[in-house]
Amino acid sequence: MKVTCLLSLFILLSSSQTITSDITDTIGYQVHSWNDLREWQQGFRKGVRWMKIDPAYEEVNFCQNQTRVASHDPRGCLLLNHDDPIESRTDYFTLNDVLNFISEPSNRHFFQGDEIHIALCFKNITPCDGSLDSQNWESLVDEFFNNAVEAISSLNLSIEFILDGAATPNPNRLCLKDKWRPWISTWIPYSDAWGALFADFEYEAFDRFQILNMPVWDQDSTIVLRSMADLDYGKFLGNSYPFLNWEPSDQLPIQQVAQLYISEQTPQQAGFRFAINIDPVQLEVYVGSQSRKAWNFQIPNSGNYDRMFLIPIPGIQHDVLMVGQAQDVTSYSISSSSNLFEPLFNLKSGTLGNLGELTSLSAFKLNDTTLTAISDTQHVAIFKLKDAQDVTSYSISSSSNLFEPLFNLKSGTLGNLGELTSLSAFKLNDTTLTAISDTQHVAIFKLKD
């Protein structure tokens, strides 16, 4: 089957790499509807710092069949689910489970560093209507608020809860304008009070709205962002909270929004975060070309190859080696960019004849010496190529077992290959191939036992 797809090279920045700070550095994400708490640990390890969950109110009769509800509270319960909970499912996580998670000693290290921001998008309730359900819901949220404040204070947790959904004090819910302070609220254009875009009047609860939360509309992914940019983002520009953009899932609207935000050249230093239901790594790949946290580009002629390999070339700044195979021909190309993760341009390309079916490609750099390790279940062979003026020497060493003492199998000179900067190797059955590249050329060693 031919390879006909967008091939992305995705490399996250390491702490040792720096890029001049600009608007692209502010692009990030908020994970949405992470209502299954079993996801949280791996999410925090991936770097999640902003998240949203969905506490949905249910009456006591519904809650009685829920295995995670500790007691049959006559007020009902707050279950975590984006859509309306269904009776056939009995194991929804609850808002009390969130308290237990953040208080659990084995989880506290997640909340001791950078602050974790958890938006509470309350659902399935109409506050301030005077109904018994509304009163019960408000009482349950009061209890959670008091317990959360106590846990954060007593355990010294770096957590901020944010009001969202039915808990924001918009004009239809002004009975909430002083509830659960100092927790702040999100503000949604064309939904919440327009006055809160510019003012912080306490008597109308405008001061509670501190996060600009812009939707993506199906008919026009950028229209809300454009309207906010035309107003210089109101009071939100320059405050200590990121802009949120919800909830694109496809690559095209994500890229359109990111490109418009960048083109406005008005960065929100606290961040521009896509509120997503997809995996954070997938989002970072999708928006990599805009955020400059990844390379995401169409490989030329990728539809013509049966298999492809793509690796960064160590030792050569911002260069990428691509090797593709189709039938009996192996092709290569070296591409480069002026800065890390900026658009790539082709330096050199060509064909290498019939090398057989390649299975892997790798390389690493040690000072001015390039090493390539080739291993199978029988032995380890190490190529060491060192440049000395106009002569390139090589040696092949082996050991009886991995990491046991090495003995020399063969050594010699290879003439003048120019200044080598990287070396990679891949294994084809009983044939070993090694690619050596610099900005001028690629050399392929083919070793046959």
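Not measured: the values here are computed from a predicted model. (Residues numbered from 1 in each chain as written. Predicted model: local features only at pLDDT ≥ 70, side-chain atom pairs only at ≥ 80, totals over all residues. Heavy atoms only, no water.)

## What to know about the overall build of the chain
Rules: Secondary structure elements follow DSSP: runs of H or I no shorter than four residues count as helices, runs of E no shorter than two count as strands, and numbering proceeds from the N terminus. Classification of residues uses two cut-offs on accessible area relative to the type maximum, computed with a 1.4 Å probe and protein chains only: under 20% is buried, over 50% is exposed, and between them is partly exposed. A contact between two residues is defined here by any heavy atoms of the two lying within 4.5 Å. Under the convention used here, a 1.4 Å probe and the Shrake-Rupley method define accessible areas, while residue burial counts only the protein chains that appear.
Secondary structure assignment for the chain yields eight helices and 24 strands. When each of the 449 residues of the chain is scored for burial, the buried share is 51%. Residue pairs in contact within the chain that sit at least 24 positions apart in sequence constitute 60% of those at least 6 positions apart. With the model as given, the accessible surface of the chain reaches about 21,500 Å², and the carbon-plus-sulfur share is 49%.

## Description of the confidence of the model for the chain
In plain terms, the rule: The pLDDT value expresses, per residue, how confident the predictor is, ranging between 0 and 100.
For the chain, per-residue confidence averages 81 on the pLDDT scale, and residues scoring 70 or more make up 73% of the total. Across residues 364-387, confidence stays below pLDDT 50; counting only partners more than four residues off in sequence or on other chains, it has 80 contacts.

## Regarding helix α4 (residues 132-154)
Where we set the bar: Under the convention used throughout, the expected extent of a helix is 1.5 Å for every residue step, that is, one less than its residue count.
For α4, which comprises 23 residues, the first-to-last C-alpha distance of 33 Å matches the rise-based estimate of 33 Å (1.5 Å per residue) to within 8%. For α4, the set of buried residues is S134, N136, W137, L140, V141, F144, F145, A148, A151 and I152. Just downstream of α4 lies N156, where phi reads positive at about 55 degrees.

## Some remarks on the packing of aromatic side chains
Filter applied, for reference: Each pair of aromatic rings taken from Phe, Tyr and Trp, with Trp reduced to its six-membered ring, is defined by centres within 6.5 Å and is described as stacked if the planes are under 30 degrees apart, edge-to-face if over 60, and tilted in the remaining cases.
Summed over the entire model, instances satisfying the criterion amount to 20 aromatic pairs. Judged by centre distance (5.5 Å) and plane angle (80 degrees), the rings of F44 and F111 are edge-to-face. Of this pair, F44 sits in helix α1 (residues 40-46) while F111 sits in the loop between α3 (95-103) and β6 (116-122); the two residues are 67 residues apart in sequence, bridging distant segments of the chain. By the burial criterion, F44 is buried, and F111 matches it. Aromatic side chains F201 and Y203 sit 5.6 Å apart centroid to centroid with 20 degrees between the ring planes, which places their arrangement in the stacked category. Given the relative accessible area of 59%, Y203 is considered exposed.

## Digging into the state of the cysteines
The condition that has to hold: Any cysteine sulfur atom paired with another within 2.5 Å is treated as part of a disulfide.
Scanning all chains against the criterion turns up two disulfides. Between the sulfur atoms of C63 and its disulfide mate C77 the distance is 2.0 Å. Measuring handedness by torsion sign, the sulfur bridge of C63 and C77 sits at about -90 degrees and is left-handed. Here C77 lies in strand β5 (residues 77-80) and C63 lies in helix α2 (residues 60-63), a separation of 14 residues in the sequence. Linked covalently through their sulfurs, C128 and C175 form a disulfide whose S-S length is 1.8 Å. The disulfide joining C128 to C175 has a torsion of about -80 degrees about its S-S bond and is therefore left-handed. Within this pair, whereas C128 is found in the loop between β6 and α4, its partner C175 is found in the loop between β7 (159-165) and β8 (185-187), the two being separated by 47 residues in sequence.

## Notes on helix α5 (residues 223-230)
Here α5 has its buried residues at V224, L225, S227, M228 and A229. Looking at the buried residues of α5, the elements they touch are β8, β9 (209-215), α6 (251-264) and β11 (272-276). Count one or two residues on from α5 and you reach D232, which has phi positive near 55 degrees.

## As for the packing of α3 against α4
Spelled out, the test is: Only the stretch in contact is used when fitting a helix axis, every axis being a line fitted to C-alpha atoms; angles between N-to-C directions are given from 0 to 180 degrees. The labels follow the angle: roughly parallel below 35 degrees, roughly antiparallel above 145, roughly perpendicular from 65 to 115, and oblique for the rest. Amino acids are sorted into nonpolar (Ala, Val, Leu, Ile, Met, Phe, Trp, Tyr, Cys and Pro), charged (Asp, Glu, Lys and Arg) and polar (every other residue, Gly among them).
Put simply, α3 and α4 touch, their axes get as near as 11 Å, and they point 5 degrees apart. By the angle between their axes, α3 is roughly parallel relative to α4. In this structure, α3 contributes L95, L99 and S103 to the contact, and α4 contributes F144, N147, A148 and A151. Residues belonging to the contact of α3 with α4 are distributed by class as follows: five nonpolar, two polar and no charged.

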